[in-house]
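# Topology and contacts: notes
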Amino acid sequence: MKRTAPRSTLRKIIKSEKPSLRLAANTDLLVHLSFLLFLRRLAEEARTNAIQSRSKMIKPDHAIAAAKVILKKSRG
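So, here's what we can say about the structure.

## Thoughts on the pattern of salt bridges
Tallying each qualifying case throughout the model produces 4 salt bridges. Here Glu44 makes a salt bridge to Arg40, at a shortest N to O gap of 3.3 Å. Here Glu44 and its partner Arg40 are both found in helix H2 (residues 27-52), 4 residues apart, which amounts to about one turn of the helix. Classification of Glu44 as partly exposed rests on a relative accessible area of 44%.

## Focus on the packing of H2 against helix H3 (residues 60-75)
Viewed as axis vectors pointing N to C, H2 and H3 meet at an angle of 120 degrees, and their least axial separation amounts to 8 Å. Our classification of the angle between H2 and H3 gives oblique. Crossing of H2 over H3 shows right-handed handedness. Across the interface between the two elements, Phe38, Arg41, Leu42, Glu45, Ala46, Asn49 and Ala50 of H2 pack against His62, Ala63, Ala65, Ala66, Ala67, Val69, Ile70 and Lys73 of H3. Taken together, the residues that form the contact of H2 with H3 break down as 10 nonpolar, 2 polar and 3 charged.

Each value, and the rule that gives it
- Numbers given to residues run from 1 along each chain, matching the order in which its sequence is written.
- Only residues with pLDDT of 70 or above have their local features reported here, since the model is predicted, and side-chain atom pairs are shown and tallied only from 80 upward, although totals for entire chains, interfaces and linings are computed over all residues.
- The side-chain quantities take in all heavy atoms of the structure and omit both hydrogens and water.
- For this analysis, a salt bridge means a side-chain nitrogen from Lys or Arg found within 4 Å of a carboxyl oxygen belonging to Asp or Glu.
- Secondary structure elements follow DSSP: runs of H or I no shorter than four residues count as helices, runs of E no shorter than two count as strands, and numbering proceeds from the N terminus.
- Exposure categories follow from relative accessible area, calculated using a 1.4 Å probe and restricted to protein chains: below 20% of the type maximum is buried, above 50% is exposed, and the middle band is partly exposed.
- Angular values range over 0 to 180 degrees, each being the angle between N-to-C directions of two axes fitted as lines to C-alpha atoms, with helices fitted over their stretch in contact.
- Between 65 and 115 degrees an angle is taken as roughly perpendicular, under 35 as roughly parallel, over 145 as roughly antiparallel, and anywhere else as oblique.
- Note on convention: the crossing is left-handed when the near helix lies turned anticlockwise from the far helix by less than a right angle, right-handed when the turn is clockwise.
- Any two residues whose heavy atoms approach within 4.5 Å at even a single point are treated as in contact.
- Polarity classes work like this: nonpolar for Ala, Val, Leu, Ile, Met, Phe, Trp, Tyr, Cys and Pro, charged for Asp, Glu, Lys and Arg, and polar for all others, with Gly in that last group.

Below is the structure:
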């Protein structure tokens, strides 16, 4: 991986959200990976929406619609 988020910053964010959690050594890397995978999926869904609406650019509406689809799929 060429560039990752600063590990200390990720750990601080996680700790501020869930102070009672005990984090394993590489938890911050797994959080970063999950975030990157989410962004990739969001971009793919938004691209699909843009193609369907015959747009050459991905617009905020496409990303919002994609986020709703991802949320609906994740809730089952």
